[in-house]
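Per-entry structural report
Chain residues, written in single-letter form:
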Amino acid sequence: MTSSKRFVDQYDVILLDLMDTLMFGGNRFSEEQDYAQTYRRLGGKYHSDREVQWVIHQVYETMSEHYADPAYHENFRPASTYLIETLDALGLPQTDAARLHNVFAHHELGHVPDGHCQALQQLAKTHRLGLVSNLWSEKALFVRAFRRCHIHHLFDTLVFSSDHSLIKPSPKLFQKALDQFDTPTHRVLFVGDSPERDMATAEALGMGTLLVTATGKTTYPGRKAVDICALLDQL
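Residues numbered from 1 in each chain as written. Predicted model: local features only at pLDDT ≥ 70, side-chain atom pairs only at ≥ 80, totals over all residues. Heavy atoms only, no water.

With an unreviewed UniProt entry as reference, the chain is termed HAD family hydrolase, source organism Fibrivirga algicola. According to its UniProt record, the chain has this under Cofactor (unreviewed entry): "Mg(2+)". (UniProt positions renumbered as here; feature names shortened; annotations may be inferred.)

Listed below in structure tokens is the structure:
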């Protein structure tokens, strides 16, 4: 850690986005994805390969449409709900619905690089940390992944959209995290990868913002853009 004052030292709390900020390689949804193979690997036997492929594809397509529609920012239900509705619409029984949701969650799940875990461990020594994530599936796999790489305990609060049927940029989701800290919003830094879903609302609420990108090149004029590992050494 450098001895000079860092950019982050003007803040007491750091709130972070998850996908493409801390976790990478997730959101594996495309026509080429073999959801049926995942289903079999997880022990699924009830549904045919064709049924599994069709159900997961339909859930993802419907959720993608709603995700892009501002009318759903405060009514974006978790994948488990969409999955049950899709099974009904296709005339399929809800048998093994929980396992099908697990398939969806495994394809949404990514990994947290070791360097990012180490950066969080260092940041937690000087700042209180929180997470505000747009998560489509329910959180169990993600919490397990956090525990596996020893970062779960570093967070004062984990706010997953699937717990609240809210998605960023709704200020209500950000507020759920802010309510956990007795800290003025100007002393809170939000770190995320989306100018529209992260930066705009965080700034409107009075937080500082930091845009992270894989390349370190900003597409958001006037804002710093770095990989989160650089929070320690470059800011």
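**Considering the state of the cysteines**
Under the counting rule described, the total for this entry stands at 0 disulfides. In this structure Cys117 is not part of a disulfide, and its nearest cysteine sulfur, from Cys149, lies 3.6 Å away. Under the relative-accessibility criterion, Cys117 is labelled buried at 5%. According to the relative accessible area criterion, Cys149 is buried, its value standing at 19%. (Disulfide = S-S within 2.5 Å. Buried < 20%, exposed > 50% of the residue type's maximum accessible area, 1.4 Å probe, protein only.)

**What about the pattern of salt bridges?**
Within the structure shown, the criterion is met by 9 salt bridges. The closest approach of N and O atoms between Asp156 and Arg128, which form a salt bridge, is 2.8 Å. Pair noted here: Asp156 is in strand S3 (residues 155–160) and Arg128 is in strand S2 (residues 128–133), with a separation of 28 residues, a long-range link. For Asp156, a relative accessible area of 42% corresponds to the partly exposed category. In this structure Arg128 comes out as partly exposed when scored by relative accessible area, which is 36%. With a closest N to O distance of 2.9 Å, Lys168 and Asp198 form a salt bridge. (Salt bridge = Lys/Arg side-chain N within 4 Å of Asp/Glu carboxyl O. Helix = DSSP H or I, 4+ residues; strand = E, 2+ residues; numbered from the N terminus.)

**Digging into the environment of Gly44**
Following the sequence through the fold, Gly44 ends up in the loop between helix H1 (35–41) and helix H2 (49–67). Take Gly44: its relative accessible area is 3%, and that puts it in the buried class. Sequence separation between Gly44 and Val103 is 59 residues; the distance between their C-alpha atoms is 9.5 Å. In contact with Gly44, not counting residues within four places along its chain, are Tyr39, Asp96 and Arg99. (Contact = heavy atoms within 4.5 Å.)

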